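# Summary of structural features
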Amino acid sequence: MPPRSPWTVALLLIAALALPASLGTSVAVAANPGAPETPVEHTPSVINGAAVGPSEFASRWDFIAGITWMGSSSFCGGSLVDQYTVITAAHCVWDDATGGAYPAASMPVFVGRRDQTTGGELVNVSSVVVHPAYEPGTLTNDIAIMRLASAATAGEPIAVIGAGEGALWGNGAGVAVNGTNGPWSAGWGLRVPGDDMSAPDVLHEAALPIASDAACASTAGGGLGSAFASAAIRAS
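Just so it is clear, the structure is predicted and the values come from calculations on it, not from any experiment. (Residues numbered from 1 in each chain as written. Predicted model: local features only at pLDDT ≥ 70, side-chain atom pairs only at ≥ 80, totals over all residues. Heavy atoms only, no water.)

Turning our attention to the overall build of the protein chain. From N to C terminus, the protein chain includes four helices and 12 strands. Out of the 236 residues in the protein chain, the part that is buried amounts to 53%. For the protein chain, the exposed surface amounts to about 9700 Å²; the carbon and sulfur share of it is 54%. (Helix = DSSP H or I, 4+ residues; strand = E, 2+ residues; numbered from the N terminus. Buried < 20%, exposed > 50% of the residue type's maximum accessible area, 1.4 Å probe, protein only. Areas by Shrake-Rupley, 256 points an atom, 1.4 Å probe, with all protein chains shown as cover.)

Written out as structure tokens, the structure is:
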């Protein structure tokens with residue numbers, strides 16, 4: 001597994017919140033007739049960014065996963081934390097109509113994929129577990145675990161943050177952007193607010209500060225911050 005650093009920690013957190021692992025609004029993709037409505041995030045927090053080249057992808061983003069609807073374009077991001085497990089945001093997989101996750105079989109994930117038009121490996125999902133205390137209205141406990149039906153052979157898993165590693169995100173006080181060291185966010189979200197056609201095929205990245213727990217707790221209905229035992233990215 002690649003070593004943890006502030007930028008990888010930031011991405012893992014973003015992926016879990018789907019702000020990873022997506023830059024901008026989640027991409028809307030066509031669902032099959034009779035399928036539940038495709039999950040779409042309507043209020044982007046991060047827009048645009050710079051395209052990620054092949055060498056940058058291989059060195060720092062190859063744990064990123066793209067969650068798809070029936071194998072189409074990614075609508076949310078996640079982090080591959082072992083060969084069978086992807087961490088993502090609960091709101092990415094949540095079906096308001098049923099009050100639970102969409103069927104696992106409808107959301108296969110791409111791993112090892114920089115360009116949505118080519119490469120990577122599509123892996124089926126066998127189960128989705130949403131945090132039991134997830135609150136859709138406030139996004140409190142906005143995290144879910146996707147169990148893959150077979151081992152991912154593309155991509156490189158990233159280690160989950162462990163106890164005692166709070167310094168990686170400023171011990172709750174936040175982390176400022178530090179040149180090429182990030183913290184970083186990445187994804188395939190919109191480059192123009194409200195324009196679904198502006199979503200890129202190639203992964204994009206942007207440097208963003210990690211907000212403090214106190215700042216996160218005072219926004220988004222209090223759903224972020226200490227409820228995750230970590231800081232979260234928030235774009236200004």
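In space, the three strands of this open sheet follow the order 1-12-11, with antiparallel pairing throughout. The strands lining the two open edges of the sheet, one partner per strand, are strand 1 (50-51) and strand 11 (184-187). For strand 11 and strand 12 (residues 204-207), the ladder comprises four bridges, and the chain directions are antiparallel. Paired with Ala-186 across the two strands is Glu-205, which belongs to strand 12. Against the sheet, helix 2 (residues 54-61) touches strand 11 and strand 12, its axis set at about 115 degrees to strand 11. (Pairing = 2+ DSSP bridges. Contact = heavy atoms within 4.5 Å. Axes fitted to C-alpha atoms, helices over the stretch in contact; angles between N-to-C directions.)

Oppositely charged side chains may form a pair once their charged atoms are brought near each other. Counting across every chain of the model gives one salt bridge. Arg-60 is the salt-bridge partner of Glu-205, the closest N and O atoms lying 2.7 Å from each other. Taken together, the positions of Glu-205 in strand 12 and Arg-60 in helix 2 put the pair 145 residues apart, joining distant regions of the chain. Residue Glu-205 is classed as buried on the basis of its relative accessible area of 9%. (Salt bridge = Lys/Arg side-chain N within 4 Å of Asp/Glu carboxyl O.)

Summed over the entire model, instances satisfying the criterion amount to three aromatic pairs. With 6.4 Å between their ring centres and 45 degrees between their planes, Trp-61 and Phe-63 make a pair best called tilted. You'll find Trp-61 and Phe-63 in the same group, each marked buried. Between Trp-69 and Tyr-102 the ring centres are 5.3 Å apart and the planes differ by 80 degrees, which places this aromatic pair in the edge-to-face class. With a gap of 33 residues between them, Trp-69 in the loop between strand 2 (64-68) and strand 3 (74-82) and Tyr-102 in the loop between strand 6 (100-101) and strand 7 (109-111) connect regions that are remote in the sequence. (Phe/Tyr/Trp six-rings, centres within 6.5 Å; stacked < 30°, edge-to-face > 60°.)

Our next topic: the nonpolar core. Ranked by size, the top nonpolar core spans 27 residues in total, and within it Met-107, Val-109 and Met-146 carry the most contacts. Contact partners of Met-107, with chain neighbours within four places excluded, come to Ile-67, Thr-68, Trp-69, Phe-75, Val-93, Tyr-102, Val-125, Val-128 and Met-146. Judged by nonpolar contacts, the second largest core, of 10 residues, contains Phe-57, Trp-61, Phe-63 and Trp-188. (Core = buried A, V, L, I, M, F, W, Y, C linked by side-chain atoms within 4.5 Å.)

Glancing now at the environment of Ala-51. Mapped onto the elements of the fold, Ala-51 is located in strand 1. Setting aside residues no more than four positions away along its own chain, Ala-51 makes contact with Val-202, Leu-203 and His-204.

Looking now at unusual backbone geometry. With phi around 65 degrees, Leu-139 is a residue other than glycine that occupies positive phi space. Locating Leu-139 in the fold gives a position in the loop between strand 9 (125-130) and strand 10 (144-148). Positive phi values are uncommon outside glycine, yet Asn-171 reaches one of about 50 degrees. You can see Asn-171 is positioned in the loop between strand 10 and strand 11. Relative accessible area serves as the criterion here: at 61%, Asn-171 is assigned to the exposed category.

So, on to the pairing of strand 12. Both strand 1 and strand 12 contribute to a ladder of two bridges, which runs antiparallel. The residue bridging Ala-50 from the neighbouring strand is Glu-205, located in strand 12.

Right, let's talk about the environment of Glu-156 for a bit. Relative to the helices and strands, Glu-156 resides in the loop between strand 10 and strand 11. Put simply, Glu-156 and Phe-63 are 93 residues apart on the chain and 4.9 Å apart in space, counted from C-alpha to C-alpha.

Moving on, we come to helix 2. All of the buried residues in helix 2 are Phe-57, Arg-60 and Trp-61. For helix 2, the angular spread of the buried residues around the axis is 105 degrees, confining them to a single face. Away from the buried face of helix 2 by more than 90 degrees, exposed residues Pro-54, Ser-55, Ala-58 and Ser-59 are located. (Arc of directions from axis to C-beta.)

Here we take up the sheet that holds strand 3. Taken together, the seven strands give an open sheet; going across it, the order is 8-7-2-3-4-10-9, and neighbouring strands pair in antiparallel fashion. A single partner strand is all that each edge strand has here, and the edge strands are strand 8 (121-123) and strand 9. Along the sheet, successive strands turn relative to each other by an average axial angle of 30 degrees, direction set aside. In the sheet, strand 9 pairs with strand 10 via five bridges, with the strands oriented antiparallel. Paired with Val-128 across the two strands is Met-146, which belongs to strand 10.

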